Amino acid sequence: MEDLHLIATAAFGVEKIVVRELADLGYEGATVEDGRVHFRGDLLAICRTNLWLRCAERVQVVVGDFTARNFDDLFDTIKELQWEQWLQDDAKFPVTARCIRSLINSAPATQKMVKRAIVERLRNQYSRHWFAETGVEYKVDCNILGERALVTLDTTGEGLHKRGYRKMVSAAPLRETIAAALVKLSYWNKERFLIDPFCGSGTIPIEAAMIARNLAPGRNRTFAAEDWPQLPPALWNEARNEAREQEKPHLKLQILGRDKDARIIKAAQENAREAGVFNDILFENKEFYTFPTDRDHGCLICNPPYGERISDKKEVKQLHSDMGELLASLDTWSLYILSGANDFEKEFGKRADRRRKLFNARIPCTYYQYLGPKPPQLDYEEDEEQPRYVPPEISVNRPERNPAPYQQTQREIPPSDPGTGPEDAPWGKWKK
């Protein structure tokens, strides 16, 4: 099994980021379709991709990809697949199915047909008539779209967004995989000041810190395929040792996360501790309008609330207007705002430089990107979705300026990058 057909599933809109992540791991030539990234790899690739992919939802092994116009086609082809390469005579193999725009339009009937075909194959291979299914579990998925049937085995178990660090969440949590995508789609790097003024349970700051420190997102969890005899513990140990060797030290410039809810800030701190990045993030219980404006070339990444009820929508509309007024003076900053509100730009008062459709779980959102001017120490590559940090060759001395007074709850935050931001923000018009 040195050349496997593998799939990394992903939310719509982030497939290209997954392609980049695979290329960084050495798996070139990936191809994209809606919600899936196809690539080739060996058994070790299953371990490495489960540990390292930040924006994918799960990793699957493709057992069959074929045309099925009816149940006879489906049964006959699945029966011919080499299931004995994966399933032992006592293997447990539950089947799930989805049928979209197909003449095979019953998911329950498809599940039964797939199960029968696999059992028939295993009967011939193992010379048995009955299978107890008391052994290792292999989850089989049959996805039928039109006349195409895609049959896979799930290697992940719980989705890859379940990193294992988020013990407590806010009322409307952002998926970890989407939070990582927001950071990867931005021009932030660890040398720039980063703030999330609506951090909730801390997902965006935590994912940003893990990216900056090159911490494998799956290093503290287990996966379904760890029980498979095809992937012995030595393979998983090799992948985990590789991940540990590539970890980077704590950040010199802390990330700032803020939220007006004191209880959720405590949860964010505990989540950061579980993720191993507690000292890389400063969490504060503060309102949005106390936003620090004395930093030059800062970066904001956030997912502000967007209400569903009419009363909430009025408050959210006012929040967007207040955000636009407050952030208008920060013309050297880069702003990245994920929102499900339809009229965000109108309410914010400024059109975004870029927009990207994303889905947080099943909620359609837009990622509004206000790029700002290029910071002195950043150099953009030709593909502007993937910024590259270029260290300065000559250090420039600037007059020192005191940073905004912060209430420290962890370690002391380094001084801010001195710049030309407003000395006195017009807070007089802001009401608590």
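What you are looking at is a predicted structure, and each value in this text was computed from that prediction instead of being measured.

(A) Geometry of the sheet that holds strand β12 (residues 334-339). Strand order across the open sheet formed by 7 strands is β10-β9-β8-β11-β12-β14-β13, with mixed pairing between neighbours. Each edge of the sheet is formed by a strand with only one pairing partner; in this case those strands are β10 (281-285) and β13 (354-360). Each strand of the sheet is rotated relative to its neighbour by a mean of 20°, with strand direction disregarded. The pairing of β12 with strand β14 (residues 363-370) spans 5 bridges and is antiparallel. Bridge assignment links Ser 339 to a residue of β14, and that residue is Thr 366. Its contacts with the sheet put helix α5 (residues 176-184) on β11 (299-302), β12, β13 and β14, and the angle it makes with β13 is roughly 165°.

(B) Inspection of the pairing of strand β7 (residues 148-154) at higher detail. Of all 7 residues in β7, 6 are buried, a share of seventy percent or more. Pairing analysis gives 7 bridges linking strand β6 (residues 139-145) to β7, with the strands arranged antiparallel. Bridging from a neighbouring strand, Leu 145 pairs with Arg 148 of β7. What sits between the antiparallel neighbours β6 and β7 is a turn of 2 residues, in which Gly 146 has the positive phi angle 65°.

(C) Examining the confidence of the model for the protein more closely. With 84% of its residues at a pLDDT of at least 70, the protein reaches an overall mean of 86. Every residue in residues 379-384 scores below 50 in pLDDT, and together they form 12 contacts with partners more than four places removed in sequence or on other chains. Contacts for the low-pLDDT stretch residues 386-432, under 50 throughout, to residues beyond four places or in other chains number 93 contacts.

(D) Layout of the environment of Ile 118. The topology assignment puts Ile 118 in helix α4 (residues 107-126). Taking the C-alpha atoms as reference points, Ile 118 and Lys 79, separated by 39 residues in sequence, lie 5.8 Å from one another. Residue contacts for Ile 118: discarding those within four places in its chain leaves Ile 78, Trp 83, Leu 87, Phe 93 and Val 140.

(E) Examining the side chain of Glu 207 more closely. Within the secondary structure, Glu 207 sits in helix α6 (residues 203-212). Judged by relative accessible area, Glu 207 falls into the buried class, the value being 0%. Setting aside anything within four residues of it in sequence, one finds Glu 207 in contact with Arg 163, Tyr 165, Glu 176, Ala 179 and Ala 180.

(F) Structural detail: the pattern of salt bridges. Considering all chains together, one arrives at 26 salt bridges under this definition. Through salt bridges that share partners, Glu 33, Arg 36, Asp 65 and Arg 148 make up one connected network.

(G) The arrangement of the pairing of strand β5 (residues 95-100) in detail. In this sheet, β6 lies alongside β5 in parallel orientation, the contact comprising 6 bridges. Paired with Arg 98 across the strands is Asn 143, a residue of β6. You can see the chain leave β5, run along α4 and come back into β6, and the turn it takes is left-handed.

(H) Local environment of the sheet that holds β7. Reading across the sheet, the 7 strands line up as β2-β3-β1-β4-β7-β6-β5 and stay open at both edges, with mixed pairing between neighbours. Every other strand in the sheet has two partners, leaving β2 (31-33) and β5 as the edge strands with one partner each. Each adjacent strand pair in this sheet contributes to an overall mean axis angle of 30°, direction not counted.

Cut-off values and rules
Residues numbered from 1 in each chain as written. Predicted model: local features only at pLDDT ≥ 70, side-chain atom pairs only at ≥ 80, totals over all residues. Heavy atoms only, no water. Pairing = 2+ DSSP bridges. Helix = DSSP H or I, 4+ residues; strand = E, 2+ residues; numbered from the N terminus. Axes fitted to C-alpha atoms, helices over the stretch in contact; angles between N-to-C directions. Contact = heavy atoms within 4.5 Å. Buried < 20%, exposed > 50% of the residue type's maximum accessible area, 1.4 Å probe, protein only. pLDDT = per-residue confidence, 0-100. Salt bridge = Lys/Arg side-chain N within 4 Å of Asp/Glu carboxyl O. Right-handed = clockwise from strand over helix to strand, strands pointing away.

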